[in-house]
Amino acid sequence: MEEELIQIKNSAVSLILDAKNYKELEELKIQFVGRSGRLTLAIKEISKLPKEKRPEIGRLANEVKKSIEDTISTQEIWTKKETSDELRQKLDVTIPGIKPQIGHLHPMTQVIYDVVDVFKGLGYQVADGPEIETDYYNFTALNMPPNAPSRDTQATLYLDTRNSKAKPGEILLRTQTSSMQVRIMEKIKPPIRVIVPGKTYRVDDVDASHSFEFWQVEGFLVDENVRLTDLFGTIDYVLKKLMGKDIKIKFATTNFSFVEPGVDTYMECTVCKGKGCSFCKMSGWSEIMPAGMIHPNVLKAVGYDSKKVSGFAFAIGLSRLVTLRYEMEDLRLLTNPDLRILEQF
Amino acid sequence: MLAPLSWLKEYIDIKLSSKELSERLTEVGLSTERIIREGDDVIFEFEITPNRPDLLSIIGIAREIAAIENKEIKYPKVKIDLKKVKPQKILPLKIQTNSEINPRFTGIIIDGIKVKESPDWLRERLIKIGQRPINNIVDITNYVMFELGNPIHAFDYHKIKESVMKVHKTIGGEKFTSVDGISYRLPKGAVVISDSEKIIDLCGIKGELNSGTFENTKTIFIRVPVEVPVLIRKTTTSLSLRSEASSIFERGVNAGGTVDALKRCVELVLREAGGQIASELFDIKKEVFLPWKLNLELKRLNKILGISIAEEEVLKLLLRLNLNPLKKTKDIIEVTVPTYRNDLKIEEDLIEEVARLYGYNKFPKTIPQGQIPIKQIPYLKDYEIEKKAKSILVASGFSEISTYSLVSEKDLLENEINPDKTLRVDNPVSREFEYLRPSLISNLKKALLQNKPYFEKINLFELGKVYVGSNIDDPKEFYFLCAVSNNKNFYEVKGVIEKMFEDYGINEEGAKYIEIFDEGIFFELNFSDILSKINLSKKYKPIPKYPPIIEDLTIEVPEKITARDITEEIKKQSPLIESVTFQSIFRNNRTFHIVYQSKQGNLTTKEVARIREKIIEVLKQKFKAKII
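As the structure is a computational prediction, the values presented were derived from the model and not from experiment.

**Q** I keep staring at the overall build of chain B and nothing clicks. Help me out?
**A** Counting secondary structure elements, chain B contains 18 helices and 29 strands. Radius of gyration (C-alpha) of chain B: 39 Å, far over the 25 Å computed for a compact globule of 628 residues. By principal-axis analysis of the C-alpha atoms, chain B measures approximately 130 × 60 × 50 Å. Expressed as a percentage of the 628 residues in chain B, the buried residues total 39%. Sequence separation of 24 or more characterises 70% of the internal contacts of chain B that already satisfy a separation of 6 or more.

**Q** How should the overall build of chain A be read in this particular structure?
**A** Broken down by element type, chain A carries 12 helices and 10 strands. Rg of the C-alpha trace for chain A: 34 Å, well past the compact-globule value of 20 Å for 345 residues, more than 25% over. By principal-axis analysis of the C-alpha atoms, chain A measures approximately 105 × 50 × 45 Å. Out of the 345 residues belonging to chain A, those deemed buried represent 42%.

**Q** Could you clarify how one ought to interpret the interface of chain A and chain B in this entry?
**A** A common measure of how large an interface is: the accessible area buried when the components associate. Counting from both sides, the interface comprises 85 residues of chain A and, opposite them, 82 residues of chain B. For the side of chain A that touches chain B, the leading source of residues is helix 9 (residues 228–243) of chain A, giving seven residues. Counted by class, the side of chain A that touches chain B contains 38 nonpolar, 24 polar and 23 charged residues.

**Q** What am I meant to see in the packing of helix 9 (residues 298–305) of chain B against helix 11 (residues 347–358) of chain B here?
**A** Helix-helix packing is described using two parameters, namely the angle between the two axes and the distance between the axes. Residue and element names in this part refer to chain B. Interaxial distance between helix 9 and helix 11 falls to 10 Å at its minimum, and their mutual angle equals 65°. Relative to helix 11, helix 9 is oriented roughly perpendicular. In the packing of helix 9 onto helix 11, the handedness of the crossing is right-handed. Facing helix 9, whose interface residues are Arg300, Leu301, Ile304 and Leu305, helix 11 presents Glu347, Ile351, Val354 and Ala355. Taken together, the residues of the contact of helix 9 with helix 11 sort by class into six nonpolar, no polar and two charged.

**Q** What am I meant to see in the environment of Ser47 of chain A here?
**A** Residue and element names in this part refer to chain A. Here Ser47 is to be found in the loop between helix 3 (38–46) and helix 4 (54–83). In this structure Ser47 comes out as exposed when scored by C-beta crowding, with 8 C-beta atoms within 10 Å. Along the backbone, Ser47 and Ile57 are 10 residues apart, and their C-alpha atoms lie at a distance of 10 Å.

**Q** Would you mind going over the domain arrangement of chain A with me for this structure?
**A** By the assigned domains, chain A splits into domain 1 (2–90) and domain 2 (107–342). Computed from C-alpha coordinates alone, the two centres of domain 1 of chain A and domain 2 of chain A are separated by 68 Å.

**Q** Would you explain the sheet that holds strand 29 (residues 626–627) of chain B in this entry?
**A** Two strands in a sheet stick together by hydrogen bonds in their backbones, pointing the same way (parallel) or opposite ways (antiparallel). All names here are of chain B. With antiparallel pairing, the four strands of this open sheet are ordered in space as 27-28-26-29. Strands with a single pairing partner mark the edges of an open sheet, and in this sheet they are strand 27 (577–586) and strand 29. Both strand 27 and strand 28 (residues 589–596) contribute to a ladder of eight bridges, which runs antiparallel. Counted as the bridge partner of Ile577 is Tyr596 from strand 28. Together, strand 27 and strand 28 form the strand contacts of helix 17 (residues 563–572), whose direction differs from that of strand 27 by roughly 150°.

**Q** Would you mind showing me how to read unusual backbone geometry here?
**A** Leaving glycine aside, a negative phi is the common case for residues, and trans is the common case for peptide bonds. Residue Pro191 of chain A follows Pro190 of chain A across a cis peptide bond; omega there is 5°. Summarising the element assignment, Pro191 of chain A is placed in the loop between helix 8 (179–185) and strand 4 (192–201). Residue Pro261 of chain A is reached from Glu260 of chain A by a cis peptide bond, and omega for that bond is -5°. Relative to the elements of secondary structure, Pro261 of chain A occurs in strand 7 (residues 259–268). At Glu162 of chain B, a residue that is not glycine, the phi angle is positive and equals roughly 55°. Of the residues examined, Glu162 of chain B has 10 C-beta atoms within 10 Å and is grouped as exposed. If you check the backbone angles, Ser240 of chain B has positive phi at about 50° while not being a glycine. The class of Ser240 of chain B is exposed, set by 7 C-beta atoms lying within 10 Å.

**Q** What exactly am I supposed to notice about the pairing of strand 28 of chain B here?
**A** All names here are of chain B. Inspection of the sheet shows strand 26 (residues 549–556) paired to strand 28 by eight bridges, in the antiparallel sense. If you follow Ile550 over to strand 28, its bridge partner there is Val595. Between strand 27 and strand 28, which pair antiparallel in sequence order, lie two residues; one of them, Arg587, sits at a positive phi of approximately 50°.

**Q** Help me out: how do you make sense of helix 11 of chain B in this one?
**A** For an α-helix, the turn length of 3.6 residues means that residues three or four places apart are oriented alike. All names here are of chain B. Taking 1.5 Å per residue as the helical rise, helix 11 with its 12 residues ought to reach 16 Å, and the 17 Å between its terminal C-alpha atoms agrees with that figure. In terms of burial, helix 11 is largely enclosed, as nine of its 12 residues are buried. All buried positions along helix 11 are accounted for by Glu348, Leu350, Ile351, Glu352, Glu353, Val354, Ala355, Arg356 and Leu357. Just downstream of helix 11 lies Gly359, where phi reads positive at about 110°.

**Q** How do you make sense of the confidence of the model for chain B when you look at a structure like this?
**A** Across chain B, the average pLDDT comes to 94, with 100% of residues at 70 or higher. The complex model carries a pTM of 0.85, and its ipTM stands at 0.89.

**Q** For this particular structure, what's the right way to read the environment of Lys90 of chain A?
**A** All names here are of chain A. Its place among the elements puts Lys90 in helix 5 (residues 85–90). Lys90 sits in the exposed class, given 8 other C-beta atoms within 10 Å. Sequence separation between Lys90 and Lys275 is 185 residues; the distance between their C-alpha atoms is 54 Å.

**Q** Teacher, can you tell me more about the pairing of strand 9 (residues 291–294) of chain A here?
**A** Side-chain positions along a regular strand alternate between the two faces of the sheet. All names here are of chain A. The sheet contact formed by strand 7 and strand 9 spans three bridges and is antiparallel. Looking at the pairing, Val263 lines up with Ala291 of strand 9. Strand direction decides the pairing type here: strand 9 and strand 10 (residues 310–317), joined by three bridges, are antiparallel. What sits directly across from Gly292, in strand 10, is Ala313.

**Q** What should I look at first to understand the sheet that holds strand 3 (residues 41–47) of chain B in this one?
**A** Residues and elements named next belong to chain B. Across the sheet, which stays open at both edges, the three strands sit in the order 1-3-2 with antiparallel pairing between neighbours. Single-partner strands in this sheet number two, and they are strand 1 (2–4) and strand 2 (31–38). With direction set aside, neighbouring strand axes in the sheet form an average angle of 25°. Examined bridge by bridge, strand 2 and strand 3 share seven bridges and lie antiparallel to one another. Residue pairing across strands places Ile36 opposite Ile43, the latter belonging to strand 3. In the packing of helix 2 (residues 18–28) onto the sheet, contacts are made with strand 2 and strand 3, and the angle to strand 2 comes to roughly 160°.

**Q** I'm lost on the nonpolar core in this one. Help?
**A** The tendency in soluble globular proteins is for nonpolar side chains to be buried as a group. Membership of the largest hydrophobic core comes to 158 residues, with the highest contact counts inside it found for Ile294 and Phe312 of chain A together with Ile110, Ile222 and Cys265 of chain B. Looking at which element gives the most residues to this core, the answer is helix 5 (residues 136–148) of chain B, with eight residues. Excluding residues within four positions of it along the chain, Phe312 of chain A makes contact with Phe220, Leu221, Val226, Asp230, Leu231, Ala291, Gly292, Met293 and Ile294 of chain A. Ranked by size, the runner-up nonpolar core spans 50 residues in total, among them Tyr201 of chain A together with Phe398, Leu406 and Leu460 of chain B.

**Q** Would you mind showing me how to read the domain arrangement of chain B here?
**A** Each assigned domain of chain B is listed here: domain 1 (2–69), domain 2 (94–285), domain 3 (292–361), domain 4 (383–533) and domain 5 (549–627). Centre-to-centre, using C-alpha coordinates, domain 1 of chain B lies 86 Å away from domain 5 of chain B.

**Q** Honestly, the packing of helix 1 (residues 2–18) of chain A against helix 3 of chain A in this entry has me stumped. Any pointers?
**A** Residues and elements named next belong to chain A. As a packed pair, helix 1 and helix 3 sit with axes 10 Å apart at the nearest point and diverge in direction by 165°. Taken together, the axes of helix 1 and helix 3 are roughly antiparallel relative to one another. With respect to the hand of their crossing, helix 1 and helix 3 are arranged in left-handed fashion. Facing Glu4, Leu5 and Ile8 of helix 1, the residues of helix 3 in contact are Arg38, Leu39 and Ala42. Its residues assigned to classes, the contact of helix 1 with helix 3 comprises four nonpolar, no polar and two charged.

**Q** Just checking my understanding: could you explain helix 14 (residues 441–451) of chain B for this structure?
**A** Burial runs high along helix 14 of chain B: eight of the 11 residues are buried. Every buried residue of helix 14 of chain B is listed here: Ile441, Ser442, Asn443, Leu444, Lys445, Ala447, Leu448 and Asn451 of chain B. Buried-residue contacts for helix 14 of chain B involve helix 12 (339–342) of chain A together with strand 20 (406–407), helix 13 (409–414), strand 22 (459–468), strand 23 (476–485) and strand 25 (521–526) of chain B.

**Q** Which parts of the structure should I look at to understand the environment of Ile316 of chain A?
**A** Residues and elements named next belong to chain A. For Ile316, the location among the structural elements is in strand 10. Counting along the chain gives 195 residues from Ile316 to Gly121, while the straight-line C-alpha distance between them is 17 Å. Those residues in contact with Ile316, other than ones at most four positions away along the chain, are Gln216, Val217, Ile288, Met289 and Leu321.

Reading the values: the criteria
- Residues numbered from 1 in each chain as written.
- Chains lettered and ligands numbered in written order.
- Predicted model: local features only at pLDDT ≥ 70, side-chain atom pairs only at ≥ 80, totals over all residues.
- Helix = DSSP H or I, 4+ residues; strand = E, 2+ residues; numbered from the N terminus.
- Rg over C-alpha atoms; globule rule 2.2 N^0.38 Å.
- Buried ≥ 20, exposed ≤ 12 C-beta atoms within 10 Å, placed from the backbone.
- Contact = placed C-beta atoms within 7 Å.
- Nonpolar A, V, L, I, M, F, W, Y, C, P; charged D, E, K, R; others polar.
- Axes fitted to C-alpha atoms, helices over the stretch in contact; angles between N-to-C directions.
- Parallel < 35°, antiparallel > 145°, perpendicular 65-115°, else oblique.
- Left-handed = near helix turned anticlockwise from the far one by under 90°.
- Domains from an automatic or database assignment.
- Pairing = 2+ DSSP bridges.
- Expected span 1.5 Å × (residues − 1).
- pLDDT = per-residue confidence, 0-100.
- Core = buried A, V, L, I, M, F, W, Y, C linked by C-beta atoms within 7 Å.

Structure, rendered in structure tokens:
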């Protein structure tokens, strides 16, 4: 009896799986589980067995029946699709499908992931460091000693040092991800290629293009024979990868204490396409990527010989990059948790 | 810094259009903020970088244009020679100064002037650059500062008690009223000038009201100093008081330019206010303030820039910047840096000078040639790991938000967090953003409420930093992952955590991270902590060769017995039990899904029956279970 049931199962399943269309399947259904099908007849035989054997065989019979029925219903799905034109004709196929209810990644995250991918392709590793930073790493080690006028360009949020060993003004919220340059360089030797995405802070009023919290990605490369043209090439490649090959960029001289020569990168405003709008302060260009060759004093601070190695550093204003990429006219949209905004990404 | 085109044209021919000019200037480092048209004049607003004191003057900007255009600059003609003047009458003045706090003190007395309103040309120029005309003397000192870049102050000579000027540092707490009538308490270490009884000048920042030039002033002492940048900066920072003069001194004034500025000023005073020189030329200094020399190695220049600029071209570019290049050896160019270029101190500074004038946008673009570093860096972050968590959340319907790290005291109190034990910003932009968040929940709650009017189903999460530590000696930053749902049930939310733990190879109860509030179900976990426990290593387990036997078991047990207790107990009964999973609950009836599996061969129904009996026996004994 046992063997018979298993045999029925095996032959039924293989025949059903071979069925070529709905009609064939219907025939097999009758042949095995129909009113006088093979399995139906076999089950009827169980009552003739000795009492003690009945439950076990009964359970097996049920299992066999279930697997045959399961196989039939799986097969039904595709054979119906293939053959049953009537069924399709009953559907209004223009009614929108039911989309899976999935959430959305924040646009900042999407841009950071893209940035990380682009730089990984260029051999950069990604670092993450403290936002609560010391004056030394944020300023002094970056060739901005106490009382350097260049500190004026980065109005700083200082942490409350009451009841602590720290002096007022010693601990701050980093004003730039550049603070990670020295932290990393003092621990390893060139060649180095690193990017550091993260949050930065400055004393600033909140408006369409300013905030006291914003995102940056710092990047730096130190090696023998690093050239200014390498910096230009890297910026050009990276921005085109991130913002599309048709963007226009131009370089200008600027001064940051921790680079010399200093470079500023402007990208044609994506909001107004260079015509001038409130987002780009009517200039048609947006300052996007300050950079430069790492200043010998910074290399000296980490014990490198500036005659032997050189490097470049850059920062991308991530908040600005996101707003430029998606043509968002207000930086505040990035910290607004309104799902009507988030669902667009 | 505002610069009218008409004023610039006084020193240099400009053929370029305003737009072209501003673009060229921006490229060389003088970033144009705005171009304002005013009548038939054009006013440029430049952003001056902190390294360039010289560009805080019209002449300085004209010099940059001259360098771009390769033209000569016409300096204002000054005929007077102060060193040769023989005054008819000499008024007494005793100056006591100290080169450590006042490196150069240049000055002269002019007697018999008439203070009145400035002539129109002077008033107009000052107004165009945003300055308020006051009287002819004050206006001239201002004008010459904006023209040449050396700050100048005129004292009323007769208000200098006993004709004594003593430069010294304050002890702190001294009262000071600036010429514009605002009172201050001076900090310790500010450099001031006192006469025999009172402070008459806050050096490099503001003059005192008590010795300023007003309508009845007849005799003036004009001082053109060099101040110590750090000392000026300390005082301006401490007082939050800035002036055009202090901006120049902080950056480092043209120390070689004081006498020229004084000459220009004296000539204008004599022309516009009359009077005559009534003292010798004071010029007290220890150093000579001569131009300095720097070497530029051509090989290094081209190595750092990555292009090869011919030697001749380099010499030409340096000459256009008035750096008087001189070929020293085959590869070395020696330049002489004018005293107004305080920013040029090392070879790299000269490399920038050549590069910027050559034109950054003419450079080719190359890709770094070195080897790709393989050694792992410190502070490494693996975004792939957080991507996993975020993918699970997004796939489960949660949308990501990104909120401020700074929160208010109210936010803390509403979530029962003690502000005294929270890291605080000393100078917050507002009370709303005063504390560093020790949890993400308050922002998520607010986000949920904000979305309520527009959405029925709200599922949000944030993966961001929190900041903990009762004081700043030991601040810690952790990544937290926090999520909220107002439509998923407890088990659905728990399932999301479990799915994440499963992918991370973490064996932990997810329920302990869940909190149920009126607003919805939240979970918050220390993601940094999770990261440290992650085990992503995967190994293939062969799939079973023999078919499993699967059955469901429904039992009725007292309420306090947990699903986990039962599952674990069942599992213990035989190594042939491959898995036990909780299936469903109805009143006190719970159904478990049991998979029996042997690696050795087909399980017989007899074997399974034996195990099943054992399970039932144990459940009856241990949990008083009834089999349904």
